[in-house]
Amino acid sequence: MLANQHANAATPDKKKISHKKKTIHSKKASAKNKPATTKPILSEDVHYLEWKEVQDFIEQMQTQYQFDKAQLSAIFAKTRYIDSVVQLIKPMPAGKPKNWKVYRARFVENARIGAGVAFWERNVETLNRAENLYGVPAEIIVGLIGVETIYGKNTGNFRAIDALTTLSFSYPETPNKEARMAFFKKELRELLLWTRESAIDVFDVKGSYAGALGLAQFMPSSLRQFAVDFDGDGKINLKESETDAIGSVAHYLAIHGWKKNVPYAFPASLSSEKIDEKQLAQVLGQGLKATYVIDELRPIVSTPDENAPRNIKYGLIDLQNGDNPTEYWLGTENFFAITQYNRSYFYAMSVIDLGKVISLARRKND
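Everything in this summary refers to the structure shown in the same document. If you're wondering where the values come from, they're calculated on a predicted model, not measured in any experiment. (Residues numbered from 1 in each chain as written. Predicted model: local features only at pLDDT ≥ 70, side-chain atom pairs only at ≥ 80, totals over all residues. Heavy atoms only, no water.)

### Notes on the packing of helix 8 (residues 138–149) against helix 12 (residues 242–255)
Now for step 1: Running from N to C, helix 8 and helix 12 cross one another at 110 degrees; their axes reach a closest spacing of 10 Å. What the angle tells us is that helix 8 and helix 12 run roughly perpendicular. On the side of helix 8, the interface is formed by Ile-140, Ile-141, Leu-144 and Ile-145, while helix 12 contributes Ala-245, Ile-246, Val-249, Ala-250 and Leu-253.
Now for step 2: Considered class by class, the residues forming the contact of helix 8 with helix 12 number nine nonpolar, no polar and no charged. (Axes fitted to C-alpha atoms, helices over the stretch in contact; angles between N-to-C directions. Helix = DSSP H or I, 4+ residues; strand = E, 2+ residues; numbered from the N terminus. Parallel < 35°, antiparallel > 145°, perpendicular 65-115°, else oblique. Contact = heavy atoms within 4.5 Å. Nonpolar A, V, L, I, M, F, W, Y, C, P; charged D, E, K, R; others polar.)

Shown next, in the form of structure tokens:
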């Protein structure tokens, strides 16, 4: 998860970039005040161990967590700056309208559906056990792992130590740079703690460009806090154990507000063409939580679905469709539990839709 957002899923339109050597450029003015020229700098020329910020981080890890300074120094001496990580983490250019239908099509597609059916079939007992224990339906677990990594096909090939160090100390210039660097420093710390606890060589751990790991793309902090040994072999392995991944996803959602036997979302429409824009903005601005009962929303939005319970709370969801009309939905607490995994309405709805389509495909095969 990338700040509880999963890097692979959060940026589906960014193509994979080769992990070959990249270059970064620095501008240097000539002595004769000629226009600045660019001088390529190989990634290998970025020596993190020599950076004061990295040395301060090492001191902190030694003081607070009793790491061996020489051991950490040896790790950061071999850690590499990855320019493609910096490019991938940059926000998408402003101005391009969001398009839910285009986003959905990237995830609810034949290859993922077929792989999801096979994943479900070989893990049917584990999925049933997770549902019974945590209350999270199999279709949600299957949908989420499918969106994240296509059931382990795309777990990422970046060394996690390289990706997290790059983002901790070389984050690109953005308005939220300091906050993002602080987040990734925390994840770098958690990665080092986890590999020490698990007796794993930190250089053997690979993941997404943002440091997300395994089939479920847990960030290191989430792995340490929420992952579970669901196969009972005495260790947690989200990379190779589908059982551990299933149990960990279900446990994460349960901890983050999932309610057993509560539906996910219901289609909705604006109550009139002359909606008070301020009221609409207020309802949409309530954040990632279910706040209103249906009767409270009636002046603004309603659902044609008679199965929508009247006694539970909802949040209004807007799925923008580019130049076409926006889709509106009423999301329950369970919809918003998924957004704690990735803070995106598009993401949560894709998980739900993929899971439902896979469930239907299984029934057709029976």
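### Examining the sheet that holds strand 7 (residues 315–321)
Now for step 1: Spatially, four strands are ordered 6-5-8-7 in an open sheet, and the strand pairing comes out antiparallel. Either end of the sheet is taken by a strand with one partner, and the two such strands are strand 6 (301–302) and strand 7.
Now for step 2: Inspection of the sheet shows strand 5 (residues 265–270) paired to strand 8 (residues 324–331) by four bridges, in the antiparallel sense. Its bridge partner lying in strand 8, Ala-268 is registered against Tyr-328.
Now for step 3: Relative to strand 7, helix 13 (residues 277–284) is tilted by about 105 degrees, and along the sheet it contacts strand 5, strand 7 and strand 8.
Now for step 4: Seen against the sheet, helix 16 (residues 345–365) touches strand 5, strand 7 and strand 8 and runs at an angle of roughly 95 degrees to strand 7. (Pairing = 2+ DSSP bridges.)

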